[in-house]
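Spelled out from the first residue to the last, the chains are:
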Amino acid sequence: MVLNYIWIAFFLIAFVVALMKLIFTGDLEVFPAMIDSTFAQSKTAFEISLGLTGVLALWMGVMKIGERGGVVNVMARLLGPVFSKLFPEVPKGHPVTGSIFMNLSANMLGLDNAATPLGLKAMEQLQELNPKKETASNSMIMFLVLNTSGLTIIPVSILVYRAQMGAAQPTDVFIPILMATFFSTLAGIIVTSLFQRINLLNRTLLLTLGGMCLFVAAVIWGFSRLDSVLMNQVSVSVANILLMTIIVGFIVAGLLKKVNVYDAFIEGAKEGFTTAVRIIPYLVAILVGIGVFRASGAMDWLIDGVRSLIAALGFDTDFVGALPTALMKPLSGSGARGMMVDAMTTYGPDSLPGRLACIFQGSTDTTFYILAVYFGSVGIRYTRHAVACGLLADLAGIIAAIAIALLFFG
């Protein structure tokens, strides 16, 4: 329901802004640009889905081998004590626990192509437990918020973009991104727990969250001792080695369980293909709405308004040049990526806006895209407090990113 109102708002606001530009500035290009955007974004939505088809087939096939081989069940048992607190609706030892863990692990390593099919698999399993098939369950919302808050340990793609743009130290945003994304995820967990009345003040969750803090601190300390070249090499190597280890480990587990791994893979791959086709309408809807909003100039007006407000309050507006990335990130990953590159091109990769745009890009995820794709894949129409929790986590990430950027580079 919330997505319905947001989608309508995109079009209404875009139309009003375009009409005002036509009347007051005589801009005859704005409406053609909006129409062109609808066709371009529809094509983009299909191309994204088409590109996901192979990846979905691959990873859902691998996950099916993991299920048959018992790996997912082992993960579910190990994570049961923690996940039973965050996901009280999920029965202890249920395979979805392993799927959620695999999805979150892929996100942490910056492996977006692997994370999406694993997340869709988890949503399908959560839907099986959902008594109201058109309404998002508490477990679904908690899972979605953990995704939208975007906890990333190794932001490989951002470091590569900075290197391509000629940054003196492409990895200088690594620690700020890790810190900002951690605060975003922590805020997402706290806000969602408040909505769902989950008690975070229990021994299991306190130890887990404390352990996460120590782990993040250890990663920050370890990588801070590496030079930029070695840091990039280690980041890329660790991500790919772990990914290949997962694939081979699942196959070996299947062999030990005497599973026909080839047939299991084919069965899972068929499910992946069906899922890819099912999400096309949802992708078209959300991307077209975002595209029209951008093409109308509404985003530019929003940024100019924020800059004027900050200047009126007497604060430095140097960082405002990076805000388009922050505002676009919940709407579109590719759009935010373009904003990030634009900020580095306009202000320089080593400027405050250039670096802050990179931190924004890495500190949160594409909230509306994830909600549209994940909920759309299982036919959820009523999202309840998912949007509010996701956007509050995004806001925490944005605030943390600004504070950390000013601390490191201000």
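Look a little higher up for the structure.
Definitions and cut-offs
- Residues numbered from 1 in each chain as written.
- Predicted model: local features only at pLDDT ≥ 70, side-chain atom pairs only at ≥ 80, totals over all residues.
- Heavy atoms only, no water.
- Core = buried A, V, L, I, M, F, W, Y, C linked by side-chain atoms within 4.5 Å.
- Buried < 20%, exposed > 50% of the residue type's maximum accessible area, 1.4 Å probe, protein only.
- Helix = DSSP H or I, 4+ residues; strand = E, 2+ residues; numbered from the N terminus.
- Contact = heavy atoms within 4.5 Å.
- Salt bridge = Lys/Arg side-chain N within 4 Å of Asp/Glu carboxyl O.
- Expected span 1.5 Å × (residues − 1).
- Phe/Tyr/Trp six-rings, centres within 6.5 Å; stacked < 30°, edge-to-face > 60°.
- Axes fitted to C-alpha atoms, helices over the stretch in contact; angles between N-to-C directions.
- Parallel < 35°, antiparallel > 145°, perpendicular 65-115°, else oblique.
- Left-handed = near helix turned anticlockwise from the far one by under 90°.
- Patch = residues over 30% accessible without salt bridge, like charges linked within 9 Å, V, L, I, M, F, W, Y side chains within 5 Å.
- Areas by Shrake-Rupley, 256 points an atom, 1.4 Å probe, with all protein chains shown as cover.

> So what exactly am I meant to see when it comes to the nonpolar core here?
Formed by 58 residues in total, the largest nonpolar core has its most connected members in Phe-87, Ile-100, Met-123, Phe-143, Leu-144, Tyr-374 and Phe-375. No other element matches the eight residues that helix H17 (residues 367–377) contributes to this core. If we ignore the near neighbours within four places in the chain, the residues touching Phe-375 are Met-123, Ala-136, Met-140, Leu-144, Ile-370, Ile-380, Thr-383 and Ala-386. Listed in part, the 28 residues of the second largest apolar core include Ile-158, Leu-352, Ile-398 and Ala-401.

> Which parts of the structure should I look at to understand the pattern of salt bridges?
Oppositely charged side chains may form a pair once their charged atoms are brought near each other. As enumerated under the stated definition, the model contains six salt bridges in all. Linking Arg-68 and Glu-267 is a salt bridge whose minimum nitrogen-to-oxygen distance equals 2.4 Å. Of the two residues, Arg-68 sits in helix H2 (residues 30–69) while Glu-267 sits in helix H11 (residues 261–278), which places them 199 residues apart along the sequence. Residue Asp-304 pairs with Arg-307 through a salt bridge whose shortest N-O separation is 3.5 Å. In this pair, Asp-304 and Arg-307 are both assigned in helix H13 (residues 298–312), three residues apart and thus about one turn of the helix distant. Of the residues examined, Asp-304 reaches a relative accessible area of 43% and is grouped as partly exposed. Classification of Arg-307 as partly exposed rests on a relative accessible area of 28%.

> Sorry, what's going on with helix H8 (residues 174–196) here?
Structural remark: α-helix, 3.6 residues per turn; residues separated by three or four positions point the same way. The end-to-end C-alpha distance of H8, which contains 23 residues, comes to 33 Å, matching closely the 33 Å that a straight helix rising 1.5 Å per residue would cover. Burial of H8 is extensive: 17 of the 23 residues sit out of reach of the surface. Within two residues after H8, Arg-197 carries a phi angle of roughly 55°, on the positive side.

> What is the right way to look at unusual backbone geometry in this model?
Note: most residues except glycine have negative phi, and most peptide bonds are trans. Notably, Arg-197 is not glycine yet its phi reads approximately 55°, a positive angle. Look at Arg-197 and you get exposed, because its relative accessible area is 80%.

> Could you clarify how one ought to interpret the packing of aromatic side chains in this entry?
The relation between two aromatic rings is expressed through the spacing of the ring centres and the mutual angle of the planes. Applying the stated rule across the entire model yields six aromatic pairs. With a centroid separation of 5.6 Å and an interplanar angle of 55°, the aromatic rings of Phe-10 and Phe-293 are classed as tilted. Of the two residues, Phe-10 is situated in helix H1 (residues 2–25) and Phe-293 in helix H12 (residues 280–295); the sequence distance between them amounts to 283 residues. When sorted by exposure, Phe-10 lands in the same class as Phe-293, which is buried. The interplanar angle of 25° and the centroid separation of 6.1 Å between the aromatic rings of Phe-143 and Tyr-374 together place this pair among those described as stacked. Of this pair, Phe-143 sits in helix H6 (residues 138–148) while Tyr-374 is found in helix H17, placing the two residues 231 residues apart along the sequence. By relative accessible area, which is 0% here, Phe-143 ends up buried.

> What's the story with the packing of helix H4 (residues 96–108) against H6 in this structure? I'm lost.
In a packed pair of helices, the relevant descriptors are the angle between the two axes and the axis-to-axis distance. Packing of H4 against H6 brings their axes to within 10 Å, and their N-to-C directions diverge by 15°. Considering the angle they form, H4 stands roughly parallel to H6. Note on packing geometry: the crossing formed by H4 with H6 is right-handed. For the pair formed by H4 and H6, the contact residues are Ile-100, Asn-103, Leu-104 and Asn-107 on the first element and Phe-143, Leu-146 and Asn-147 on the second.

> Just to check I follow, could you spell out the environment of Ile-35 for this structure?
Residue position: Ile-35 is located in helix H2. Taking C-alpha positions, Ile-35 is 33 Å from Gly-397, a pair spaced 362 residues apart along the chain.

> Can you walk me through the environment of Met-142 in this structure?
Of note, Met-142 is situated in helix H6. C-alpha separation for the pair Met-142 and Thr-192, spaced 50 residues apart in sequence, amounts to 6.4 Å.

> Just checking my understanding: could you explain the side chain of His-385 for this structure?
You can see His-385 is positioned in the loop between H17 and helix H18 (386–409). Not counting residues up to four positions away in its chain, the partners in contact with His-385 are Asn-138, Ile-141, Phe-195 and Gln-196.

> Hey, could you run me through H17 in this one?
Counting buried positions along H17 yields 11 of 11 residues, so the element is predominantly enclosed. For H17, every residue scored as buried is listed here: Thr-367, Phe-368, Tyr-369, Ile-370, Leu-371, Ala-372, Val-373, Tyr-374, Phe-375, Gly-376 and Ser-377.

> Mind showing me how you'd approach the side chain of Gln-196 here?
Summarising the element assignment, Gln-196 is placed in helix H8. For Gln-196, a relative accessible area of 12% gives the class buried. The residues contacting Gln-196, other than those within four sequence positions of it, are Asn-138, Ile-141, Met-142 and His-385.

> It is not clear to me how the packing of H8 against helix H16 (residues 352–363) should be interpreted in this structure. Could you clarify?
Following both chains from N to C, one finds H8 and H16 inclined at 40°, their axes separated by 8 Å at the closest point. Here H8 lies oblique to H16, going by the angle between them. The hand of the H8/H16 crossing is right-handed. Facing H8, whose interface residues are Pro-176, Ile-177, Ala-180, Thr-181 and Ser-184, H16 presents Cys-358, Ile-359, Gly-362 and Ser-363.

> How should a nonpolar patch on the surface be read in this particular structure?
On the surface, Phe-15, Val-16, Leu-19, Met-20, Ile-23, Phe-24 and Trp-301 cluster together into a nonpolar patch covering about 710 Å² of accessible area. Tracing the chain through its elements places Phe-15 in helix H1. Overall, Phe-15 belongs to the partly exposed group, its relative accessible area being 43%.

> Help me out: how do you make sense of the environment of Gly-66 in this one?
Secondary-structure assignment places Gly-66 in helix H2. On the basis of relative accessible area, Gly-66 is assigned to the buried category, the value being 0%. In this structure, the C-alpha to C-alpha distance between Gly-66 and Ile-280, residues 214 residues apart in sequence, is 27 Å.

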